[in-house]
Amino acid sequence: MPSIDLTGKAAVVTGSGRGLGLAYARALAAAGARVVVNDVDEDVAEQAVKSITEAGGQAVAEVVAVGTAEAADRLVAGAVREFGRLDILVANAGILRDKVLWKMTDDDFDAVITTHLKGTFTCARAAAVRMREQGEGGSLILVGSPAGQRGNFGQTNYAAAKAGIAAMARTWSMELGRAGVTVNAIVPVAATAMTETVPAFAPYVEALRDGTPLPDFLRKGEGFGTPEDCAALVPFLASAATRGITGQAIGIGGDKVALWSHPQEIKAAYADGGWTPETLADVWAAALGAEPQTVGIPAPKLPEA
């Protein structure tokens, strides 16, 4: 594998003022890409730009809330205005409004869907238009989540959005293949404000802030690390060396990287002339339902005290 060199490329990273998004922006800049940093907080965005430029990279800020077509057009136009082109989009921006189904309001649902799902759609659409006009290919990197792959208690809105993002990656990989634009979903697992709310992870995230490295059973066994551990996947997928990788969902965290499977049939049964409720009950008990699929993100396996 040749070295990853993104010199001359231009990227937009949504929601990149802090956390995972900032780690992605820094990794792209370190590989030579020029980056549009996006956040809703101007001070946060400018501080992120400063951290990149002080490290020798090139970056500018575009302060806008992701979700609308107008916001997406601003981000793409910002890249073209500042850098003359757009080659890479990392659709990372997101918010949380966690509640169980019977307590989740329309506003809770709509806000998360607008930022995650519609924001990914509008930004990817604007980026795809520009990349097709340029005629030189490109990379769409969509940020998913284990919640979108398996579901997660209290996250109807978030899990639905992230599942949709993985589905869009598969669809767009087909639609944009002839234009040389690769589309992949990444599934990061890292110590962030969100994972700090998981009781099993909380003490380790807090210790990490104080300089204590994460233990091996988390980094390897759970694939749980820092945002910087996840960031290497972004310049890798944006590089010319990975033009054949598209339509995939790739997990990364800590010392672990993994390829997620796509949903597929695992068992089937057939009945001449079709099914009745009674014959369905019989075949479910005898065959199809023998090993039902699990749901939810598995609880971390912590060492015994």
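For the structure itself, consult the block above.
Residues numbered from 1 in each chain as written. Predicted model: local features only at pLDDT ≥ 70, side-chain atom pairs only at ≥ 80, totals over all residues. Heavy atoms only, no water.

K.L.:
How would you summarise the side chain of Ser139 if you had to cite specific residues and measurements?
P.N.:
Looking at where Ser139 falls in the secondary structure, it is placed in strand E5 (residues 138-143). Given a relative accessible area of 2%, Ser139 falls into the buried group. Among the polar contacts made by the side chain of Ser139, one reaches the side chain of Arg243 at a distance of 2.7 Å. Sequence-distant contacts of Ser139, that is, excluding residues within four places in its chain, are made with Asp87, Ile88, Leu89, Met131, Val181, Thr182, Leu237, Ala238 and Arg243. (Helix = DSSP H or I, 4+ residues; strand = E, 2+ residues; numbered from the N terminus. Buried < 20%, exposed > 50% of the residue type's maximum accessible area, 1.4 Å probe, protein only. Polar contact = N/O pair within 3.5 Å; in protein donor to acceptor, adjacent residues only side chain to side chain. Contact = heavy atoms within 4.5 Å.)

K.L.:
I'd like a rundown of the nonpolar core, residues and numbers included.
P.N.:
Residues Tyr24, Leu28 and Val90 are the most contacted members of the largest nonpolar core, which totals 33 residues. In terms of residue count, helix H1 (residues 19-30) provides more of this core than any other element does, eight residues in total. Val90 has contacts with Val12, Val13, Thr14, Tyr24, Leu28, Ile141, Val143 and Val234, leaving out every residue within four places of it along the chain. Counting residues in hydrophobic clusters, the runner-up holds 32 residues, among them Ala10, Leu86, Ala126 and Leu142. (Core = buried A, V, L, I, M, F, W, Y, C linked by side-chain atoms within 4.5 Å.)

K.L.:
Can you lay out the packing of H1 against helix H2 (residues 42-54) for me, pointing to particular residues and giving the numbers?
P.N.:
Viewed as axis vectors pointing N to C, H1 and H2 meet at an angle of 30°, and their least axial separation amounts to 10 Å. Between H1 and H2, the crossing angle belongs to the class labelled roughly parallel. Handedness of the H1/H2 crossing: right-handed. Two secondary-structure elements touch here, H1 through Leu22, Ala25, Arg26 and Ala29 and H2 through Ala48, Ser51 and Ile52. Residue composition of the contact of H1 with H2, grouped by class: five nonpolar, one polar and one charged. (Axes fitted to C-alpha atoms, helices over the stretch in contact; angles between N-to-C directions. Parallel < 35°, antiparallel > 145°, perpendicular 65-115°, else oblique. Left-handed = near helix turned anticlockwise from the far one by under 90°. Nonpolar A, V, L, I, M, F, W, Y, C, P; charged D, E, K, R; others polar.)

K.L.:
Would you mind going over the packing of helix H4 (residues 106-134) against helix H6 (residues 156-175) in detail, with residue names and values included?
P.N.:
Packing of H4 against H6 leaves a shortest axis separation of 8 Å and a crossing angle of 15°. Here H6 runs roughly parallel to H4, going by the angle between their axes. Here H4 and H6 pass one another in a crossing that is right-handed. Of the residues in H6, those in contact with Asp108, Phe109, Val112, Ile113, His116, Leu117, Thr120, Phe121 and Ala124 of H4 are Thr156, Asn157, Tyr158, Ala161, Lys162, Gly164, Ile165, Met168 and Trp172. Here the contact of H4 with H6 is composed, by residue class, of eleven nonpolar, five polar and two charged.

K.L.:
Please set out the sheet that holds strand E2 (residues 34-39) residue by residue, giving values where relevant.
P.N.:
Taken in spatial order, the eight strands of this open sheet run E3-E2-E1-E4-E5-E6-E7-E8, and their pairing is mixed. Looking at strand neighbours, the two that pair on one side only are strand E3 (58-63) and strand E8 (256-259), the edges of this open sheet. Within the sheet, the average angular offset between the axes of one strand and its neighbour, ignoring direction, is 20°. Against the sheet, H6 makes contact with E5 and strand E6 (181-188), and its axis sits at roughly 160° relative to E5, the strand it touches most. (Pairing = 2+ DSSP bridges.)

By themselves, these are just geometric observations and shouldn't be taken as functional.
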